[in-house]
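Notes for the structure review
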Amino acid sequence: MSTSRPTDLAGERLVRKTPNHILPLDQSDQDYIRAGLEAVQAAFGISALPDVPIALMPGRTLMRLLVDLRSQLRPRTPEQTAAWGRLAGAILVLDTAGEFATQHSQAEARRHAVEQDDLED
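Here the structure is a predicted model, which is why all the values come from computation and not from measurement.

1. Points about the nonpolar core
One broad rule of soluble globular proteins: the nonpolar side chains tend to lie buried together. Counting residues in hydrophobic clusters, the biggest one holds 27 residues, and the most contacted among them are Leu-25, Ile-33, Leu-37, Leu-62, Leu-66 and Leu-94. Apart from the residues within four sequence positions on either side, Leu-66 is in contact with Ile-33, Leu-37, Leu-87, Ala-90, Ile-91 and Leu-94.

Quick look at the structure:
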């Protein structure tokens, strides 16, 4: 019998709602996410940083990395607990950026539709 972990539905929802294109993250947001991954790498002794610069990663790919790390790691020391907690902050930063990008895209589509309607009148 397999002892696989149950699916993290909240994490899966975050991944699926994150746009699957490069998000315009501020440098400070990129630095925050990178620092969280570096903390995980140092505390857990694993490779957590992606091979691709964060600025070039599609949002959904980056969210998948963060969510998977957070669900798979089990902190055992105070240092690991702090690093694991930083992943939650990185997830929130990325989720906010993804939500902003989605809202901006929808607003642009609405504006374009209104302009098209005005041209047709």
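Read on for the rest.
2. Remarks on the packing of aromatic side chains
Taken as a whole, this structure holds zero aromatic pairs when the rule is applied. Sitting above the plane of the Trp-84 ring, Arg-70 keeps its charged end 3.6 Å from the centroid.

3. Things to note about the environment of Tyr-32
Structurally, Tyr-32 is set in helix 2 (residues 27-44). The residues contacting Tyr-32, other than those within four sequence positions of it, are Gly-89, Ala-90 and Val-93.

4. As for the packing of helix 1 (residues 9-17) against helix 3 (residues 59-72)
At a minimum axis separation of 8 Å, helix 1 and helix 3 run at an interaxial angle of 165 degrees. As the angle between them shows, helix 1 and helix 3 are arranged roughly antiparallel. Remark: the crossing between helix 1 and helix 3 carries right-handed chirality. Contacts from Gly-11, Glu-12, Leu-14, Val-15 and Arg-16 of helix 1 reach helix 3 at Arg-60, Met-63, Arg-64 and Val-67. When the residues that make up the contact of helix 1 with helix 3 are grouped by side-chain class, the tally is four nonpolar, one polar and four charged.

Conventions we followed
Here the residue numbers are simple positions, counted from 1 along each chain's written sequence. Reporting of local features is limited, given that this is a predicted model, to residues whose pLDDT is at least 70; pairs of side-chain atoms are given and counted only at 80 or more, and all residues count toward the totals for whole chains, interfaces and linings. Hydrogens and waters are ignored; side-chain quantities use all the structure's heavy atoms. In this description, a nonpolar core means a group of buried Ala, Val, Leu, Ile, Met, Phe, Trp, Tyr and Cys residues linked to one another through side-chain atoms lying within 4.5 Å. Per-residue accessibility, obtained with a 1.4 Å probe over protein chains only, is compared with the maximum for each type, and a residue is labelled buried under 20%, exposed over 50%, and partly exposed between these values. A contact between two residues is defined here by any heavy atoms of the two lying within 4.5 Å. In summary, the pairing rule links any two rings of Phe, Tyr or Trp, Trp by its six-membered ring, whose centres are within 6.5 Å, and it sorts them by plane angle into stacked for under 30 degrees, edge-to-face for over 60 and tilted for everything else. Sitting over a ring, as applied to charges here, requires NZ of Lys or CZ of Arg to be within 6 Å of the ring centre and within 35 degrees of the ring normal. The helix and strand labels rest on DSSP assignments: H or I over at least four residues marks a helix, E over at least two residues marks a strand, and numbering proceeds from the N terminus. Only the stretch in contact is used when a helix axis is fitted, and all axes are lines through C-alpha atoms; the angle between N-to-C directions ranges over 0 to 180 degrees. Any angle between 65 and 115 degrees counts as roughly perpendicular, while under 35 counts as roughly parallel, over 145 as roughly antiparallel, and the rest as oblique. Definitions for this section: a left-handed crossing has its near helix turned counterclockwise from the far helix by less than a right angle. A right-handed crossing has that turn clockwise. Under the scheme applied, nonpolar residues are Ala, Val, Leu, Ile, Met, Phe, Trp, Tyr, Cys and Pro; charged residues are Asp, Glu, Lys and Arg; polar residues are all the others, including Gly.

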